[in-house]
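# Per-entry structural report
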Amino acid sequence: MDEPDTEPPLVVVPGADPSARQLCFAWGPAEVLVCETLFGRAGTGDGAPSSSCVFVVRRDQDIYIQTLRKLFNESHGIFMGLQRSEEELAGKSRKAQLVQVSKNYRSVIRACMEDMHQAAVSTQDPALQGQYSTQVSILSAMELIWNLCEILFVESATAGPLLLRLLDWVRLHVCDVDSMVREVLSSESPSKHKLFWNVVDVFVLQGRMDEARHLLSKEASANPTSMNMYKILDDLMKKMPVPSLSNTQTLTELELKWQHWHEECQRYLQDGTFASNPHMESICKILLGDEDAILEKKELMTTWYHFLVTRLLYSHPTVKPLELRFYAQSSMDLFLGGESSPEPLDMILMAAFEFEMHQVIKECSIVLSNWWFVAHLTDLLDHCKLLQSHNLYFGSNMREFLLLEYASGLFSHHSLWQLGVDYFDHCPEYGRVYLELHIERIPLSTEQKALKVLRICEQRQMHEQVRSICKIMAMKALRNNRLGSALSWSIRAKDAAFATLISDRFLKDYSERGCFSDLDLIDNLGPSMLLSDRLTFLGKYREFHRLYGEKRFPEAARLLLTLMTAHIAPCSFWMTLLTDALPLLEQKEVIFSAEQTYELMRCLEDLTAGNPDKQKFQEDDIETTKVEMLRLALARNLARVIVKEGTVEGS
């Protein structure tokens, strides 16, 4: 549980040449320390170690990026809410709940991405700027993948609404043209801007017909000669049938309307209506789903999946989910055209379009820089009942395996480990074992942190870990001579042997200083004093002093005698107890009865006769004086008792 006092030895990689550079390493709970060293340069005879670099290789570096803390903290709350949600909800209400959870996760990714972008803009450090920009790219890819998984897996959009969701997806994530749109729209005469037709094309490619028509109206106003062409194109764009999220029309009705509209577009194109204006003619070809015309706008679309959605919009608006794989593959082949190979992101999106959920998770696990994404996405998909049949060969299911990996990474951080506890709690098979192993490795740097860890263990009935924490903290307190804290921790650990050791230290301090420290603790031991005989003695001995201080002499005398005769006091402390009896023996009023006085005499004789250092004991003037004083006081008290008891009997 505690950090080791000594560093683990560095191990030389097997097979390394002792006379040349050596790679050494030392394992930690969530990282490995790697260094390169050189002992004895060849040919120099110098046996001294040369300077070397030390590298810390962490399993999950992103855990330590400050700007990602929002991602980890806020997603934890969403995760916990999902685990506590009503499983009884069924049908549409359950699906709506899961879709909302997915959107909540995406909003956290988006907020974190915006914070990271702001940090990249504001920093003056080029290295930090590069790091932030990389993280923005990663977070952007994560949101892109998550959004697509939400549409295809969580929401399970059907033919019709599926295309609308994919259009929203493209509009949200393909935003490279946004700056161009702003530039054109902010100019004094947009229709005269050199990028005017590019912006119109972008709106058409993304199915943003109202915005495209609005821009075209500016062109018509500026060029009255093209008014007739504009009205026809505007009418075609206005009448274009689009799927509806509501059930107001069937797919068959939509397909019939779309077919009639498509034929009308074809007729105008063949008639040469737009022949005098290449830009409008190109737009008409796009409306007809002409792949060559769409691919001419490749630079405006920037990605193959934008091309896919545009192609579906103008060629197959009623595409079914299971048909996506064919269109996706052909769209990627057409867009890339053998000029470049698919990137890892392309392969992940393709796996999603092919409804290969496990492949999506596998590829993301390999490509992304941390376990956050796959752990939370898999958990969500598991709640959607989409991963129930997939178990890993070593026993745990995929959801639990990924949550365990993510939580293990959190435990390597000085404060995020607290989030990891909840993730382990929701791993029914191995979560408890992992939590027990990881919680023992948390450095207990402060008492406050130890109490936090202890509370977590106590809530989960982790008795071994509770004892371990208490023993460690008790030993730390003892090393710092904080006896009260050490005793408190040992009582909490129910460690009788350690409680005895600390009680002895209390008694030793009392013998040297003549007073107790931490009186509040000792006065309020209660039933805890029964943990060990020595602790019982400490508590009762302190009670004797309290009774004596309150002048309750008979009770104090009975308790003192009990401590002597019960044999729970250490032998080294007997003389102190007998010495404590002296003031009671010298009281004006007789405190000890004859029987009690005889018991005290016997104890004194046992002490002097049974002491192994009897010779030394007899030579010690102070001890000899104490013994003589005790014998005299006991004899005098006995005489007083006999006289008193005889007087009572005579009367």
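Everything numeric here is computed off the predicted structure, so don't read it as measured data. Chains are numbered independently. Their residues run from 1 in the order of the written sequence. Given that this is a predicted model, residues contribute local features only at a pLDDT of at least 70 and side-chain atom pairs are listed and counted only at 80 or more, while totals for whole chains, interfaces and linings are drawn from all residues. Derived side-chain values reflect all non-hydrogen atoms in the structure, with water molecules and hydrogen atoms excluded from consideration.

## Quick word on the packing of helix α3 (residues 126–154) against helix α15 (residues 344–353)
Using the following cut-off: To get an axis, fit a line to the C-alpha atoms, keeping to the stretch in contact for a helix; angles then go from 0 to 180 degrees between the N-to-C directions. By the criteria applied, helices consist of DSSP H or I runs no shorter than four residues and strands consist of E runs no shorter than two, each listed in order from the N terminus. Here the word oblique covers every angle except those under 35 degrees (roughly parallel), over 145 (roughly antiparallel) and from 65 to 115 (roughly perpendicular). In this description, contact between two residues means that some pair of their heavy atoms is separated by no more than 4.5 Å. Residue classes follow a fixed rule: Ala, Val, Leu, Ile, Met, Phe, Trp, Tyr, Cys and Pro count as nonpolar, while Asp, Glu, Lys and Arg count as charged, and any other residue, Gly among them, counts as polar.
The geometry of α3 relative to α15 is characterised by a closest axis approach of 10 Å and an angle of 10° between their N-to-C directions. Put simply, α3 runs roughly parallel to α15. Contacts between α3 and α15 involve A141, L144, I145, L148, L152 and F153 on the former and, on the latter, L345, I348, L349, A352 and F353. Partitioning the contact of α3 with α15 into residue classes produces 11 nonpolar, no polar and no charged.

## Quick word on the packing of aromatic side chains
Stated formally: Ring geometry is summarised as follows: Phe, Tyr and Trp rings, the Trp one being its six-membered ring, pair when their centres sit within 6.5 Å, and such pairs are stacked at plane angles under 30 degrees, edge-to-face over 60 and tilted between the two. In this scheme, a residue with accessible area under 20% of its type's maximum is buried, one over 50% is exposed, and one in between is partly exposed, where area comes from a 1.4 Å probe on protein chains only. Distance and angle both matter: a charge sits over a ring if NZ of Lys or CZ of Arg is within 6 Å of the ring centre and within 35 degrees of the ring normal.
Using the criterion set out here, one finds 18 aromatic pairs in the structure. Plain terms: the ring middles of W169 and Y305 are 5.3 Å apart, the flat faces sit at 40° to each other, and that makes the pair tilted. Here the residue W169 occupies a position in helix α4 (residues 161–173), and Y305 occupies one in helix α13 (residues 304–315), the gap between them amounting to 136 residues. Owing to a relative accessible area of 1%, W169 belongs among the buried residues under this scheme. With relative accessibility at 9%, the residue Y305 sits in the buried group. Seen in terms of ring centroids, F196 and W197 are 5.2 Å apart; in terms of plane orientation they differ by 80°. Their pairing is edge-to-face. Since its relative accessible area comes to 0%, F196 is described here as buried. W197 sits in the buried class, given a relative accessible area of 13%. Taken together, the ring pairs connect F72, F79, Y406 and Y423 into an aromatic cluster. Sitting over the ring of F335, K298 keeps its end group 5.1 Å from the ring centre.

## Observations regarding the pattern of salt bridges
Rules: Salt bridges, as used here, are contacts in which a Lys or Arg side-chain nitrogen is within 4 Å of a carboxyl oxygen on Asp or Glu.
Evaluation of the coordinates by the stated rule reveals 23 salt bridges. Between R213 and D210 there is a salt bridge, and its shortest N-O distance comes to 3.7 Å. Of this pair, R213 and D210 are both found in helix α7 (residues 209–222), three residues apart, which corresponds to roughly one turn of the helix. In this structure, R460 and D425 form a salt bridge, with 2.6 Å as the shortest nitrogen-oxygen distance. Residue R460 is found in the loop between α21 (447–459) and α22 (463–479), and its partner D425 is found in helix α19 (residues 417–425); the two are separated by 35 residues along the sequence. The network of salt bridges with common partners includes R546, E550, R552 and E555.

## Thoughts on the side chain of E155
Looking at where E155 falls in the secondary structure, it is placed in the loop between α3 and α4. The residues touching E155, leaving out its near neighbours within four places in the chain, are K95, V99, E150 and R165.

## Re unusual backbone geometry
Within the chain, T302 stands out as a residue other than glycine whose phi angle is a positive 70°. Locating T302 in the fold gives a position in the loop between α12 (298–301) and α13. According to the relative accessible area criterion, T302 is partly exposed, its value standing at 32%. Unlike most non-glycine residues, K494 shows phi in positive territory, near 55°. Along the polypeptide, K494 turns up in the loop between α23 (483–493) and α24 (496–513).

## Looking at α24
Applied cut-off: One less than the residue count of a helix, multiplied by 1.5 Å, gives the span that helix is expected to have. Under this definition, polar contacts are N or O atom pairs within 3.5 Å; protein pairs additionally need one hydrogen-donor-capable and one acceptor-capable atom, and for neighbouring residues in sequence, both atoms have to be side-chain atoms.
Relative to the 26 Å expected for 18 residues at 1.5 Å per residue, α24 spans 25 Å between its end C-alpha atoms, a close match to the ideal helical length. By the N-cap criterion, in which a side-chain oxygen at the helix start approaches the backbone nitrogen of a residue two or three places on, α24 is capped by D495, the distance to A497 being 3.3 Å.

## Some details on the nonpolar core
Which entries qualify depends on this criterion: Residues belong to a common nonpolar core when they are buried Ala, Val, Leu, Ile, Met, Phe, Trp, Tyr or Cys residues joined through side-chain atoms within 4.5 Å.
W169, W304, F353, W372, F373 and Y541 are the most contacted members of the largest nonpolar core, which totals 199 residues. Among the elements that line this core, the one with the most residues is α3, at 13 residues.

## What about the confidence of the model for the chain?
Going by this rule: As a per-residue measure, pLDDT tells how confident the predictor is, with possible values from 0 to 100.
Model confidence for the chain is summarised by a mean pLDDT of 82, while 84% of its residues fall at 70 or above. The spread of mean pLDDT over the elements of the chain runs between strand β1 (residues 11–12), the lowest at 50, and α15, the highest at 95. Taken together, the stretch residues 1–10 has pLDDT below 50 and engages in 23 contacts with residues farther than four places along the chain or on a different chain. In the predicted structure, residues 38–49 sits below a pLDDT of 50 and forms 19 contacts with residues beyond four places in sequence or in another chain.

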